[in-house]
Amino acid sequence: MQHAYWIGRDSGQALGSVAAHLYVELDGRAIDPGRFEDAVRELARRHPMLRAAVSDDGTQRVLPERPGPAVTVHDLRDVPDPGAELERVREEMSRQRLPIEDGRVFDARLSLLPSGLARLHLDVDMVAADAMSYRTMLADLAALYQGESLEPIGYTFARYLADDPRREARERDRQWWAGRLGELPGPPELPVVAQPGDRVVRKHHWLPGPDKERLIARAHREGVTPAMALAAIFAEVIGAWSATPRFLLNLPLFHREPVHPDVDKVVGDFTGSILLDVDLSAELPFAERARAVQAKLHEAGAHSDYSGLEVLRDLSRARGEQVLAPIVYTSALNLGELFGEQVRERFGEPEWIISQGPQVLLDAQVTEVSGGLLLNWDVRDPAFPEGVADAMFAAYTEAITRLGAPGADWTEPLRPGPGPDRLALRDRLNSQPPPPARTLHEEFFARARRHPGRPALYWGADGTLTYGELAERALRTAAHLVEQGCGPATGSRWSCPRGPSRPSPCSACWRRGRRTCRSGWPSPPPAVSAS
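Sequence order as written defines residue numbering, which begins from 1 separately in each chain. Since the coordinates come from a predicted model, pLDDT governs what is reported: local features require at least 70, and pairs of side-chain atoms require 80 or more to be given and counted, while whole-chain, interface and lining totals use all residues. Processing note: side-chain calculations cover all non-hydrogen atoms of the structure and skip hydrogens and water entirely.

Note on method: axes are straight lines fitted to C-alpha atoms, helices fitted across the in-contact stretch only, with angles between N-to-C directions ranging 0 to 180 degrees. Numbering of helices and strands starts at the N terminus; helices are DSSP runs of H or I of at least 4 residues and strands are runs of E of at least 2. Two elements in contact, helix α2 (residues 33-46) and helix α4 (residues 131-145), have axes whose closest approach is 9 Å; the angle formed by their N-to-C orientations is 130°. With respect to α4, the axis of α2 lies oblique. In the packing of α2 onto α4, the handedness of the crossing is right-handed. Taking contact as the criterion, the partners of R35, F36, A39, V40, E42, L43 and R46 in α2 are, on α4, M137, D140, L141, L144 and Y145. The residue makeup of the contact of α2 with α4, split by class, is eight nonpolar, no polar and four charged. Geometric relationships in this document are graded by angle, where less than 35 degrees denotes roughly parallel, more than 145 denotes roughly antiparallel, 65 to 115 denotes roughly perpendicular, and other angles denote oblique. Less than a right angle of anticlockwise turn of the near helix away from the far helix marks a crossing as left-handed, whereas a clockwise turn marks it as right-handed. Note on contacts: a residue pair qualifies if any of its non-hydrogen atoms lie within 4.5 Å across the two residues. Gly falls in the polar group here, along with every residue not listed as nonpolar (Ala, Val, Leu, Ile, Met, Phe, Trp, Tyr, Cys, Pro) or charged (Asp, Glu, Lys, Arg).

Moving on: unusual backbone geometry. Residues D381 and P382 are joined by a peptide bond in cis, for which omega reads -5°. Despite not being glycine, D164 has its phi angle at roughly 45°, a positive value.

What follows concerns a negative patch on the surface. Together, D56, D57, E101 and D102 make up a region of like negative charge exposed at the surface. Summarising the element assignment, D102 is placed in the loop between α3 (83-95) and β5 (106-112). Within this analysis, patches are made of residues with over 30% relative accessible area and no salt bridge. Like charges are joined at 9 Å or less; nonpolar side chains (Val, Leu, Ile, Met, Phe, Trp, Tyr) at 5 Å or less. Note on areas: these come from Shrake-Rupley sampling with a 1.4 Å probe, and a residue is covered only by the protein chains present in the view. Should a side-chain nitrogen of Lys or Arg be within 4 Å of a carboxyl oxygen of Asp or Glu, the pair is scored as a salt bridge. His is not counted, nor are the chain ends, whereas Lys and Arg count as positive and Asp and Glu as negative. Throughout, a charge is located at the NZ atom of Lys, the CZ atom of Arg, the CG atom of Asp or the CD atom of Glu.

A water-sized probe rolled over the atoms picks out the places where empty space is left. A pocket, in this scheme, is an open set of points on a 1 Å grid over the protein atoms alone with protein on both sides within 12 Å along at least 5 of 7 lines, while a cavity is a set where a 1.4 Å probe fits but cannot get out; residues line either one if an atom lies within 4 Å of a point. Grid points are joined across faces, edges and corners, and a volume is the space filled by probe spheres set on the points. A volume near 1,300 Å³ is recorded for the largest pocket. Considering the residues around the largest pocket, the lining is formed by 46 residues, among which R166, F270, T271, G272 and S273 are closest to the centre. Looking at the lining of the largest pocket, the elements with two or more residues in it are α1 (2-8), α5 (157-163), α8 (226-241), β8 (246-254), β9 (271-279), α9 (286-301), α10 (308-319) and β10 (327-331). Residues that form the lining of the largest pocket fall into these classes: 22 nonpolar, 16 polar and eight charged. Counted as a void, the second largest pocket has a volume near 930 Å³. Across the lining of the second largest pocket, the residue classes break down as 27 nonpolar, 17 polar and six charged.

In space, the five strands of this open sheet follow the order β4-β5-β6-β1-β11, with mixed pairing throughout. Each end of this open sheet is capped by a strand with a single partner; those strands are β4 (72-75) and β11 (349-356). Neighbour-to-neighbour, the strand axes of this sheet turn through a mean angle of 15°, independent of strand direction. For two strands to be treated as a pair, DSSP must find no fewer than two bridges joining them. Here strand β1 (residues 21-29) pairs with strand β6 (residues 118-125) via eight bridges, running antiparallel. The partner of Y23 across the bridge, within β6, is D123. Contacts between α3 and the sheet are confined to β1, β4, β5, β6 and β11, with β1 contributing the most and set at about 155° to the helix. α4 contacts β1 and β6 of the sheet and is inclined by roughly 140° relative to β6.

Have a look at this one:
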């Protein structure tokens with residue numbers, strides 16, 4: 001997962017240009033800047049991965065000290081309206097790519113407000129810390145700020161990687177997944193825009209404690225875990241907007257092998273992932289659907305030592321093209337409260353949370369916060385046409401609220417989906433005939449006829465080739481290949497009255513866009529070297 005985070009943040013990757021990071025704001029407490037800075041420095045000394053640098057070649061090393069200032073303080077106490085500055089900091093930290101090559105894997109800032117209270121800003125790159133580590137960091141930071149002494153940690157993330165406790169199981173699971181590559185579906189076929197942006201927006205909904213408890217209790221009565229009940233709801237909603245009823249969802253796993261008594265105190269990226277094969281071909285009562293999703297997860301989970309990312313790479317090699325799983329469902333229900341009581345008491349309540357991840361269009365998260373459930377969707381903006389993400393999220397939260405209500409009926413199919421206005425728009429668009437099928441080279445030659453003088457290729461400082469020149473070269477090369485006895489393996493051939501059927505028209509017919517050569521084939525043009 002670390003490797004995927006490091007590769008994915010590169011702008012040359014599909015759905016790249018985004019760092020995997022989690023940014024949080026805590027509000028409502030008075031925080032002493034000096035004490036807080038001392039606590040942050042001690043936190044970095046305690047956890048080696050908070051001093052880790054990831055080099056350009058992908059190797060990582062732990063630095064003796066974390067570089068740069070431990071804390072950046074924004075003193076807004078004399079600013080009449082600090083809202084603009086707070087918004088600027090939020091915008092910057094929500095989207096930043098920390099310089100992890102320099103060892104800056106987290107960013108701690110403090111905004112001092114006119115009220116005497118403060119806002120704590122904390123951004124952590126997930127290449128150094130997963131969700132469980134984030135909780136550990138905050139708990140340790142609160143304890144250190146309070147002046148408590150913490151017992152030394154007798155284990156490190158580097159030792160965990162070196163020990164590689166899953167080595168033998170990984171090869172066994174690799175073989176299991178290899179036998180299933182041919183039958184795995186692709187990602188959901190959702191209505192996405194041509195060029196998704198690199199900005200992430202958050203949609204959130206808080207489910208109160210009583211509703212949460214009813215949903216959990218009902219899931220247990222139906223024989224499913226609450227996490228799987230919520231995953232089934234998410235799958236049904238995604239399926240309602242997907243063109244295919246069977247697809248892959250990407251599920252992060254938070255699991256640490258109990259190889260040392262202190263392993264749970266360690267900060268690092270222990271995250272794995274698993275691909276969940278969802279099949280909604282048949283309409284099922286919701287309780288049955290949740291049990292089916294759970295059974296699929298248990299089957300795949302039994303072979304999770306070979307991660308979902310590794311399966312995607314194998315799938316890409318087998319299909320000859322990159323296969324992504326950009327729809328992610330992240331459940332943190334088994335982790336407990338992300339912000340413990342001591343954290344909220346020292347630093348305030350969480351007022352803003354957002355995460356980003358490379359090669360992800362939509363990341364749905366379920367987290368226990370303040371006694372209830374925080375339901376988040378982090379969505380690329382834009383990833384979907386206007387209104388689509390809002391409609392999907394509304395269907396998701398409505399379904400969760402409905403299934404957690406008193407007397408909820410889990411024996412009926414869930415049937416989430418777009419409202420009547422969206423269905424009418426979908427029907428209108430689907431009723432339009434598709435454009436005529438054209439090959440890539442047909443479109444190229446058509447453009448070359450319309451705009452022969454426009455640049456088609458650039459190279460070096462001033463190298464340029466126009467569409468007309470490129471088309472002429474292509475035809476010369478084709479003619480040379482024909483003279484050497486080459487011919488197409490399949491496809492239509494040109495009918496020339498002055499000679500045998502040829503794979504290309506003469507230059508005069510090509511310029512006129514004729515499918516049948518009328519003027520005959522002139523003497524072969526001079527050959528163009530393949531180089």
